[in-house]
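Residue-level structure breakdown
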Amino acid sequence: LPAAVLLKDTKLMDVKLGQLGTWLAMRDFTPSGILGAMQRGYTRYYNKYINVRKGGLGGISMVLAGYIVLSYMWSYSHVKHDRRRKYH
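Note that the structure is a prediction, hence the values are computed from the model and not measured. (Residues numbered from 1 in each chain as written. Predicted model: local features only at pLDDT ≥ 70, side-chain atom pairs only at ≥ 80, totals over all residues. Heavy atoms only, no water.)

1. Observations concerning the overall build of the chain
So the rule is basically this: Only DSSP runs of H or I covering at least 4 residues are called helices, and only runs of E covering at least 2 are called strands; the numbering of each starts at the N terminus. Burial classes follow relative accessibility: with a 1.4 Å probe on protein chains only, a residue under 20% of its type's maximum area counts as buried, one over 50% as exposed, and anything between as partly exposed.
On a plain count of helices and strands, the chain comes out with four helices and zero strands. Counted from the first residue to the last, the chain has its helices and strands arranged as α-α-α-α. Expressed as a percentage of its 88 residues, the buried residues of the chain come to 9%.

Here it is, written out as structure tokens:
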């Protein structure tokens, strides 16, 4: 990591473990900051997987897999409860 790059401008993957607390303290946790981070993440994802010349099913299948995992996590307590129920 060059000295000219500020810790605030570094990506999460480039932050060392000792610098993680300082890096998190520099983040903007206001609603507008969180919304901006979500917009940047969506734009990066869209440009990398969806908005390509020769696209495939990779980007859409990742969204679908994420939806399946989230819906299972949301209904896990109900599934666990039904698993112990006797049906006779």
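There is more to say, and it comes next.
2. A few points about the packing of helix α2 (residues 31-50) against helix α3 (residues 58-74)
Condition: Note on definitions: angles span 0 to 180 degrees between N-to-C directions of axes, and those axes are lines fitted to C-alpha atoms, for helices only across the stretch in contact. Orientation labels follow simple angle bins: below 35 degrees gives roughly parallel, above 145 gives roughly antiparallel, 65 to 115 gives roughly perpendicular, and whatever is left gives oblique. Note on definitions: a residue-residue contact is assigned when non-hydrogen atoms from the two residues lie within 4.5 Å. Under the grouping applied here, Gly and all other residues not named as nonpolar or charged are polar, the nonpolar ones being Ala, Val, Leu, Ile, Met, Phe, Trp, Tyr, Cys and Pro and the charged ones Asp, Glu, Lys and Arg.
The interhelical angle for the contact between α2 and α3, taken along N-to-C directions, is 130 degrees, at an axis separation of 8 Å. When the axes of α2 and α3 are compared, the pair comes out oblique. Across the interface between the two elements, Y45, Y49 and I50 from α2 touch G59, I60, M62 and V63 from α3. Looking at side-chain class alone, the contact of α2 with α3 contains six nonpolar, one polar and no charged residues.

3. Notes on the UniProt feature "transmembrane region" (unreviewed entry) in the chain
This is how it is decided: UniProt positions are given in the numbering used here, feature names are shortened, and annotations may be inferred rather than shown by experiment.
With numbering aligned to this structure, UniProt lists the feature "transmembrane region" (unreviewed entry) at residues 56-76. The span residues 56-76 shows a helical share of 86% and a strand share of 0%, and its end C-alpha atoms are spaced 31 Å apart.

4. What to know about the packing of aromatic side chains
As a reminder of what qualifies: Under the pairing criterion, centres of Phe, Tyr and Trp rings, with the six-membered ring standing for Trp, must be within 6.5 Å; the plane angle then separates stacked pairs below 30 degrees from edge-to-face pairs above 60, leaving the rest tilted.
For the structure shown, the criterion picks out one aromatic pair. Judged by centre distance (6.0 Å) and plane angle (25 degrees), the ring pair of Y42 and Y46 falls under stacked. One end of the pair, Y42, and the other, Y46, are both in helix α2, four residues apart, so they sit about a helical turn from each other.

5. So, the environment of Q19
With respect to the helices, strands and loops of the structure, Q19 is situated in the segment before α1 (20-25). Classification of Q19 by relative accessible area gives partly exposed; the value is 28%. Distance in space between the C-alpha atoms of Q19 and L7 is 8.3 Å, their sequence separation being twelve residues.

6. Here's the deal with the confidence of the model for the chain
The cut-off we apply is this: Confidence of the predictor at the level of single residues is given by pLDDT, which spans 0 to 100.
When pLDDT is averaged along the chain, the result is 82, and 82% of the positions lie at 70 or above. α2 holds the highest mean pLDDT among the elements of the chain, 89, whereas helix α4 (residues 76-83) holds the lowest, 69.

7. Notes on a nonpolar patch on the surface
Let me state the cut-off plainly: Exposure above 30% relative accessible area and the lack of any salt bridge qualify a residue for a patch; like charges then connect within 9 Å, and the nonpolar side chains Val, Leu, Ile, Met, Phe, Trp and Tyr within 5 Å. Shrake-Rupley sampling with a 1.4 Å probe provides the accessible areas, and residues are treated as covered by the protein chains on show and by no other component. Any Lys or Arg side-chain nitrogen located within 4 Å of an Asp or Glu carboxyl oxygen qualifies as a salt bridge.
Judged by side-chain polarity, Y42, Y46, Y49, I50, I60 and M62 come together as a nonpolar surface patch covering roughly 580 Å² of accessible area. At four residues, α2 tops the list of elements feeding residues into the nonpolar patch. Among the secondary structure elements, M62 is positioned in helix α3. Judged by its relative accessible area of 39%, M62 is partly exposed.

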